[in-house]
Number of protein chains: 2
Amino acid sequence: MKPISIADTAAYLRNCRDAYILIHRSPDGDCIGSGYSLQAVLRQLGIRSRVLCADPIPPRFGFLLPDEEEEEFTPQCIISVDVADEKLFGDLEKLYRGRVNLCIDHHISNLGYADRLLLEGDSAAACEVLYKVYREMGVTFTRQIAMCLYTGMATDTGCFKFSNTTPNTHIFAAELMREFPDIRYDLINREMFDVKSPSRLRAEMIMLSNMEYHLNHKVTIVWATLDVCHSNGVDEKDMEGLTSLGLQPEGVEVGITVREREAGVYKISMRSARDVNVSAICQKFGGGGHIKAAGCQLEGTREEIRDRLLAAVEGAL
Amino acid sequence: MKPISIADTAAYLRNCRDAYILIHRSPDGDCIGSGYSLQAVLRQLGIRSRVLCADPIPPRFGFLLPDEEEEEFTPQCIISVDVADEKLFGDLEKLYRGRVNLCIDHHISNLGYADRLLLEGDSAAACEVLYKVYREMGVTFTRQIAMCLYTGMATDTGCFKFSNTTPNTHIFAAELMREFPDIRYDLINREMFDVKSPSRLRAEMIMLSNMEYHLNHKVTIVWATLDVCHSNGVDEKDMEGLTSLGLQPEGVEVGITVREREAGVYKISMRSARDVNVSAICQKFGGGGHIKAAGCQLEGTREEIRDRLLAAVEGAL
């Protein structure tokens, strides 16, 4: 693996041909925006490319896709965007492991699996990195490229809310808005942040109505047991990404969601509001993650699990 | 009333003395950020000032306030910020009506009640206007001024989410982040957007659990009747500002909240997701508002009110 610069990446892209662009499984706004903006940029240069993903693109991202797909072809080069680890290719891993010529990413955890790696760990999103690459290439931005880049930066930062937001994220958003004032950024944001599926709304109901408060209201626990999920028509998977709701009540430092996988087997997700290192807590139980977002798996009765979790969190508060 | 420019405003502020700064009742992030940043700027110039508000500043904005308040003095000039109408002075109206020397605002609905008016209707927030004024004045930005301005711009745009967000909003946020990289913008955003009081959380529960779907799932109605509110320990006022939750389910165009004021008297709040003009609908019932956010009052039985509302909305879909 060779680390390369923005300029090297621009030169590589200008000279590549017949590219497959790989994005990660469970695709989100950033990898979709990265993949499809890159496809549009390459098309502008007369270079054929296809975006490949192990999972289908969720319908709400449909507005980022091109009107027509490129026909099948044999790739001459493989590029991955926003993929830190080949495992995240999902079912495509077996086909492309060890074959990636260029990776463009912003995850400091990137495993360096590609021949060439453009890694900007300070960037909020892969789309923020690609914005710089496209400017270096002197590409003409189109409405679709602008929507892709804005969506990627907005979704990875919670609409410019999280600590990964950089001055560049704001400046690039401003430049896109200046160049394309008619794009309805507000409707993109509504679609990305405010609109929810019926099952997601029911899952939020479970979160709000089952919240337990512990340790002087500094810790919340929500139990998504099999019976609670079934009786609300919610899949255990619908609860994914909702753990941060446990941090909403005033004064809470740690929010915990306990999802029952099968009888007596629980997947724990933990979020920290400020400075508690939940990764260290989850490591005690054989799990791990980031400082503010981590997880682990536990078995036992509800009471046992509650006691073990609270004892560990109490020590860290 | 004389409309004045950024430069005129800067000159006026440099030469004023002993100023009272009035902000609107029910103070929000933008008027608080405007008022206290202006006080800090004037203090830098050796000019005494006090921020006056009819209502107390909510505790979550405490981090924007100066360490010590100025002692009482008789004002030589009265400045209002982010106040479109003297009525919004609340209990301070009787003291200061007709006495405002300078108003700085971004509401196009500003009534022009002050001697001098700096109005920038395209700005997302009064703090966005003041940012330009302070730069014109050549003020040295401090950490407190930066936090005030960021908070005002972030809160008035829903964290850069709404259609009022301008390229300048993003650029000014970027410049503040560059100049003060150690401010925890993410914690400000968490406090402003994610942290909720227990009664607010219970009110959201009411919203989610009482949602009715009508007209092909394009319209939601939530009934906050007196008995529903009482049995959940929620004041009818806690439901304020929650109407937009009715727009969360996929495909909804109009969200309606019906709050029972007293038996049989209902306050209606209506929100539009995209293009339905809810102001026109509410005008039919003697109310009004903005295109995407309006209200009115109705009396009658629940069934009568539902029928009248749905008939009016159906015509507009």
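Cut-off values and rules
Residues numbered from 1 in each chain as written. Chains lettered and ligands numbered in written order. Predicted model: local features only at pLDDT ≥ 70, side-chain atom pairs only at ≥ 80, totals over all residues. Heavy atoms only, no water. Least-squares fit on C-alpha atoms with pLDDT ≥ 70 in both. Contact = heavy atoms within 4.5 Å. Buried area = accessible area lost by both parts, 1.4 Å probe. Salt bridge = Lys/Arg side-chain N within 4 Å of Asp/Glu carboxyl O. Polar contact = N/O pair within 3.5 Å; in protein donor to acceptor, adjacent residues only side chain to side chain. Helix = DSSP H or I, 4+ residues; strand = E, 2+ residues; numbered from the N terminus. Nonpolar A, V, L, I, M, F, W, Y, C, P; charged D, E, K, R; others polar. Expected span 1.5 Å × (residues − 1). Buried < 20%, exposed > 50% of the residue type's maximum accessible area, 1.4 Å probe, protein only. Phe/Tyr/Trp six-rings, centres within 6.5 Å; stacked < 30°, edge-to-face > 60°.

K.L.:
Any details on the relation of the copies chain B and chain A? Residues and values, ideally.
P.N.:
Here chain B sits on chain A after a turn of 180° about the axis and a move of 0.0 Å along it, with an RMSD of 0.1 Å. The transformation relating the two chain copies, once decomposed into turn and shift, fits a two-fold axis. A shared binding surface is used by both copies, with 100% of the interface residues of chain B retained as interface residues in chain A.

K.L.:
Please set out the interface of chain B and chain A residue by residue, giving values where relevant.
P.N.:
Interfaces are often sized by the accessible area lost when the parts come together. The interface is formed by 43 residues belonging to chain B together with 43 residues belonging to chain A. Together chain B and chain A conceal approximately 3,600 Å² of surface at their shared face, both sides included; 57% is due to carbon and sulfur atoms. Summed over the shared surface of chain B and chain A, the number is six salt bridges. For Glu191 of chain A, the salt bridge identified is with Arg274 of chain B, shortest N-O distance 3.9 Å. At the boundary of chain B and chain A, one finds 15 residue pairs in polar contact (both at pLDDT 80 or more). Those elements that place two or more of their residues in the side of chain B that touches chain A are α6 (167-179), α7 (185-194) and α8 (198-209) of chain B. A per-element tally of the side of chain B that touches chain A places α6 of chain B first, with eight residues. Within the side of chain B that touches chain A, the residues separate by chemical class into 21 nonpolar, nine polar and 13 charged.

K.L.:
With reference to specific residues and values, describe helix α8 (residues 198-209) of chain A.
P.N.:
End to end, α8 of chain A covers 17 Å across 12 residues, agreeing with the expected 16 Å (1.5 Å per residue, within 8%). Among all positions in α8 of chain A, only Ser199, Leu201, Ala203, Glu204, Met205, Ile206, Met207 and Leu208 of chain A are buried.

K.L.:
Which residues make up the packing of aromatic side chains, and what values do they have?
P.N.:
Residue and element names in this part refer to chain A. Under the definition given, this model contains 19 aromatic pairs over all chains. Relative to Tyr96, the ring of Tyr20 has its centre 6.2 Å away and its plane inclined at 75°; by these criteria the two rings are edge-to-face. With Tyr20 in strand β2 (residues 19-22) and Tyr96 in helix α3 (residues 93-96), this residue pair connects regions lying 76 residues apart in the sequence. Consider the rings of Trp223 and Tyr266, whose centres lie 6.0 Å apart with planes at 85°: the pair is edge-to-face. One end of the pair, Trp223, is in strand β8 (residues 219-224); the other, Tyr266, is in strand β10 (residues 265-272), and 43 residues separate them in sequence. Judged by its relative accessible area of 6%, Tyr266 falls in the buried class.

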